[in-house]
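Residue strings, one per chain:
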Amino acid sequence: MLIEALEEDVTVVYCNAIAASVQIEVEPVGRWFEAFLKRRNRNVSASFQELEEEEELSEESEDEELQLEDFPLLRTLDPKDWKNQDHYAVLGLAHMRYKATQKQIKAAHKAMVLKHHPDKRKAAGEQIVEGDGDYFTCITKAIEILSDPVKRRAFDSVDPTFDNAVPSKGEGKDNFFEAYAPVFERNARWSSKKHVPKLGTMDSSFEEVDNFYSVWYNFDSWREFSYLDEEEKDKAECRDERRWIEKQNRAARATRKKEEMNRLRTLVDTAYSLDPRIKKFKEDEKARKENEKKAKADAKRKEQEEKEKARQAELEAARLAKEKEEEEAKLVAQQAKKEKEIQKKAIKKERQKLRTTCKNWNYFGDNESDSVKMMEDVEKLCDRLELVSLQSLNEALASGSKEEAKVAVEKQVQEVNAQLQKEKDAEVQARQAVRTAVQASGGGGGGGKGWNEEELPLLIKAVNLFPAGTNARWEVIANYMNLHSTSGIKRTAKDVINKAKNLQKLEPGQKDEINKKAFEKFNKEHAAVPQTVDNAVPSERFDGAEANTASWTTEEQKLLEQALKTYPVSTPERWEKIAAAVPGRTKKDCMKRYKELVEMVKAKKAAQEQVGGKSKK
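What counts as what
- Residue indices follow the written sequence of each chain, beginning from 1 at its first position.
- This being a predicted model, a pLDDT of at least 70 is required before a residue's local features are given, and a value of 80 or more before pairs of side-chain atoms are given or counted; all residues contribute to the totals for chains, interfaces and linings.
- Where side-chain values are given, they derive from all heavy atoms of the structure, hydrogens and water being excluded.
- Each helix corresponds to a stretch of at least 4 residues labelled H or I by DSSP, and each strand to a stretch of at least 2 residues labelled E; elements are numbered beginning at the N terminus.
- The contact criterion used is simple: two residues touch if any of their non-hydrogen atoms lie within 4.5 Å.
- For the area figures, the Shrake-Rupley method with a 1.4 Å probe applies, and any residue is considered shielded solely by the protein chains shown.
- Helix axes are fitted to C-alpha atoms over the stretch in contact, other axes to C-alpha atoms as well, and angles between N-to-C directions run from 0 to 180 degrees.
- Orientation is classified from the angle alone, with under 35 degrees giving roughly parallel, over 145 giving roughly antiparallel, 65 to 115 giving roughly perpendicular, and any other angle giving oblique.
- The hand of a helix crossing depends on one turn: near helix anticlockwise from the far one by less than a right angle means left-handed, and clockwise means right-handed.
- Under the scheme applied, nonpolar residues are Ala, Val, Leu, Ile, Met, Phe, Trp, Tyr, Cys and Pro; charged residues are Asp, Glu, Lys and Arg; polar residues are all the others, including Gly.
- For Phe, Tyr and Trp, where Trp contributes only its six-membered ring, two rings pair if their centres lie within 6.5 Å, and the inter-plane angle classes them as stacked under 30 degrees, edge-to-face over 60, or tilted in between.
- Only protein chains enter the accessibility calculation, which uses a 1.4 Å probe; a residue is then buried when its area is under 20% of its type maximum, exposed when over 50%, and partly exposed in between.
- Put simply, a charge is over a ring when the Lys NZ or the Arg CZ is close to the ring centre, within 6 Å, and near the line of the ring normal, within 35 degrees.
- Patch building starts from residues that exceed 30% relative accessible area and form no salt bridge, then joins like charges within 9 Å and nonpolar side chains (Val, Leu, Ile, Met, Phe, Trp, Tyr) within 5 Å.
- Throughout this description, the term salt bridge denotes a Lys or Arg side-chain nitrogen within 4 Å of a carboxyl oxygen of Asp or Glu.
- We treat Lys and Arg as the positive residues and Asp and Glu as the negative residues; His and chain ends play no part in the count.
- Charged side chains are reduced to one point each, which is NZ for Lys, CZ for Arg, CG for Asp and CD for Glu.
- To estimate how far a helix should reach, multiply one less than its number of residues by 1.5 Å.
- Of all possible arcs, the one meant is that of the directions from the helix axis to the C-beta atoms.
- Disulfide assignment relies on a single distance test, namely cysteine sulfur atoms paired within 2.5 Å.
- Per-residue confidence from the predictor is reported as pLDDT, a score between 0 and 100.

Asks: Explain the overall build of the protein to me, please; I cannot follow it from the model alone.
Replies: Check the secondary structure of the protein and you find 23 helices and two strands. In the protein, the proportion of contacts linking residues at least 24 apart, taken out of those at least 6 apart, comes to 66%. Surface accessibility of the protein: about 41,600 Å² in total, with carbon and sulfur atoms responsible for 52%.

Asks: What am I meant to see in the packing of helix α10 (residues 206-217) against helix α12 (residues 276-292) here?
Replies: When two helices pack together, their arrangement is captured by the angle between the axes and the distance separating the axes. Two elements in contact, α10 and α12, have axes whose closest approach is 11 Å; the angle formed by their N-to-C orientations is 125°. As judged from the angle between their axes, α10 and α12 are oblique. The handedness of the crossing between α10 and α12 comes out as left-handed. Contact with α10, carried on its side by Phe-206, Val-209 and Tyr-213, involves Arg-277, Ile-278 and Phe-281 of α12 and no other residues of that element. For the contact of α10 with α12, a count of residues per class yields five nonpolar, no polar and one charged.

Asks: Could you clarify how one ought to interpret the packing of aromatic side chains in this entry?
Replies: Any two aromatic rings considered together are summarised by their centre-to-centre distance and by the angle between their planes. This structure, assessed with the given rule, holds 15 aromatic pairs. Ring centres of Phe-162 and Trp-190 lie 4.9 Å apart, and the angle between their planes is 75°; on these two criteria the pair is classed as edge-to-face. Highlighted residues: Phe-162 in the loop between α7 (149-157) and α8 (169-172) and Trp-190 in the loop between α9 (176-187) and α10, separated in sequence by 28 residues. Judged by relative accessible area, Phe-162 falls into the buried class, the value being 9%. Residue class for Trp-190 comes out buried when judged on its relative accessible area of 0%. Here Arg-574 stacks its cationic end above the ring of Trp-575, 5.4 Å away from the centre of that ring.

Asks: I'm lost on a positive patch on the surface in this one. Help?
Replies: A cluster of basic residues, Lys-340, Lys-344, Lys-348 and Lys-602, forms a positive patch on the protein surface. With three residues, the top contributor of residues to the positive patch is helix α13 (residues 294-360). Here Lys-348 lies in helix α13.

Asks: Mind showing me how you'd approach the pattern of salt bridges here?
Replies: In a structure, side chains of opposite charge can pair up when their charged atoms sit close to one another. Taken as a whole, this structure holds 27 salt bridges when the rule is applied. A salt bridge links Glu-285 to Arg-288, with the shortest nitrogen-to-oxygen separation between them at 2.7 Å. Of this pair, Glu-285 and Arg-288 both sit in helix α12, separated by three residues, roughly a single helical turn. By relative accessible area, Glu-285 is classed as partly exposed at 34%.

Asks: Just to check I follow, could you spell out helix α14 (residues 368-384) for this structure?
Replies: Two residues of an α-helix separated by three or four positions point the same way, owing to the 3.6 residues in each turn. For α14, with 17 residues, the first-to-last C-alpha span of 24 Å sits near the 24 Å given by 1.5 Å per residue. Taken together, the buried positions of α14 are Ser-371, Val-372, Met-374, Met-375, Glu-376, Asp-377, Val-378, Lys-380, Leu-381 and Cys-382.

Asks: How should I be thinking about the packing of α13 against helix α15 (residues 387-399) in this particular structure?
Replies: Between α13 and α15, the shortest axis-to-axis distance is 9 Å and the interhelical angle comes to 35°. In this structure, α13 crosses over α15, and the sense of that crossing is left-handed. Along its contact with α13, which presents Gln-343, Ala-346, Ile-347, Glu-350, Arg-351, Lys-353, Leu-354 and Thr-357, the element α15 presents Leu-387, Leu-390, Gln-391, Leu-393, Asn-394 and Leu-397. Tallied by class, residues from the contact of α13 with α15 come to seven nonpolar, four polar and three charged.

Asks: Honestly, a negative patch on the surface in this entry has me stumped. Any pointers?
Replies: On the surface, Asp-366, Asp-370, Glu-403, Glu-404 and Glu-410 cluster together into a negatively charged patch. Ranked by residue count, the leading element in the negative patch is helix α16 (residues 402-441), at three residues. Relative to the helices and strands, Glu-403 resides in helix α16. Residue classification places Glu-403 among the exposed positions, given a relative accessible area of 55%.

Asks: Can you help me understand unusual backbone geometry in this one?
Replies: Across the chain, the bulk of peptide bonds are trans and the bulk of non-glycine residues have phi less than zero. Its identity as a non-glycine residue notwithstanding, Arg-97 has a phi of 55°, on the positive side. Among the structural elements, Arg-97 can be located in the loop between α3 (87-90) and α4 (102-116). Non-glycine residue Ala-472 carries a positive phi angle of around 50°. Tracing the backbone shows Ala-472 in the loop between α17 (455-465) and α18 (473-484).

Asks: Help me out: how do you make sense of helix α22 (residues 574-581) in this one?
Replies: Every buried residue of α22 is accounted for by Arg-574, Trp-575, Ile-578, Ala-579 and Ala-581. Down the axis of α22, the buried side of the element spans an arc of 160°, and every buried residue falls inside it.

Asks: What should I look at first to understand the side chain of Asp-156 in this one?
Replies: With respect to the helices and strands, Asp-156 occurs in helix α7. Overall, Asp-156 belongs to the buried group, its relative accessible area being 7%. Not counting residues up to four positions away in its chain, the partners in contact with Asp-156 are Tyr-88, Tyr-98, Arg-189, Trp-190 and Trp-222.

Asks: For this particular structure, what's the right way to read the state of the cysteines?
Replies: Chemically, a disulfide is nothing more than a covalent bond linking the sulfur atoms of two cysteines. Enumeration over the complete set of coordinates arrives at zero disulfides. Take Cys-358: it sits in no disulfide, and the sulfur closest to it among the cysteines is that of Cys-382, at 7.7 Å.

Asks: Would you take a moment to explain the confidence of the model for the protein for this structure?
Replies: Predicted coordinates in areas of low pLDDT are best not read in detail. Of the residues in the protein, 81% reach a pLDDT of 70 or more, and the chain-wide mean stands at 78. Every residue in residues 13-17 is under pLDDT 50, and counting partners more than four places away or in other chains gives seven contacts. Under a pLDDT of 50 for its full length, residues 442-448 has, in the predicted model, 14 contacts with residues more than four places off or in other chains.

This is the structure in structure tokens:
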């Protein structure tokens, strides 16, 4: 702000014109006002040009008073390693550094040129390195960097003498202000804004402390690290290489800038955590609040903390117990699965070994009928025997002759048949029990309506036809039964659910009895049906002289499938019963057709897996 002129200190200008002279009062401004003040203070009359000359003379005297520090390592510097040299030290300004003005830098350069110029040293008889290898190149590079504001700013950003260290918590714990005040003053030079507040003292007010940390938490640093670029884009041979160099340099600068901001943030965070004034302010605030409702708040807080701690401890204990239990269960399951897989593979291996051994000896038969009979017995052994029994039998077959092996197999078959006979007797008792249960309950249906022998197999068929997961499953099953039943009784979803639950409680033998009755009824209704030729092609694996070469009809196929369901693998003399259920077909025909169907199913499954694998790819 300009100082107002005093009333008596005015400049009078007289204008000579044709008209009468008029006195005009004017007030000096700008540089003329500055000259006016100096004249008034010195009580002399001087022009503005004289003042400028005086100022220039004072600057020259300042340049003459400039003292340069000697740099002992100047003559040992490598001009090629100019990035790692201290340019201020090269010009003798190591004691002034970033505070040196441009005039001082130019004066220092002038003095260094007069002292170290190659021509002058050559004239003095000193050995001079030709080209850019002379250390004088370092002086030239120093003035080039420090005279350019942009390059000088880049060099100042990575000033090698600057201390980037941040005091630790231990250093500032006892003497906070002595440890952190110089650090903040040192780092304030990087601020883009002027007048960065100082750390202050213990007597600083809350507003001053809050303003200090607000400025430093939002500190805007002008420090940049372009001086440390490893690649120079001016050396690029093409535009693409120059862009690549710029990209690499930008990434490196961003990384260093991030590290610098993290350093400053660490400094502020550490200082804030150790500042005794912050602790004092917090304690004062806490004391003010505690005075309002101290007793009640303390008791309530303590109770809540204890409850929360107990709850967390309980949750943690429950979590650890659950994790331990799950881990133990997982280990047990994995071990059981592993043992099961091992046993499964072992059983499969022993079964295959038994089949291969018997096959190599033509199933101990002199004709095909005996071989087929023995084949059925071998399959029965594979299905019924456990792993230990299979291993013992295979060891006996491997160590003995053909006759001994046949005796061992027949002995094992007799034991299995005896066991099957016991199961058959139990099955007969179960059938008798299911007949009694059906007669006593009248079918066990809901709503007081009895279930006849026709509806039970129809219910079982519908349950298998519409498995779990079907939308509105039990309504669909009820509609299916109402459409296909000839009893004329309409069944609801509730009736179907109740009857299905009763059937689930029955033993397997009782369910087989119901299926057998359904098969007998089906066989009776389809005893005489017109023969329609099926396009199924018989397998060549069981071709023989006694086999029926006629193609299987659709009705024969249905009878065979129903007989396979009615007589499971555990049924004694299974294939004889199946052959009796299919008119016009022998036991050998049924076995041959069964093997053929198994091959067809396997082929279809393999094709589906192959298609599924391609779709995933």
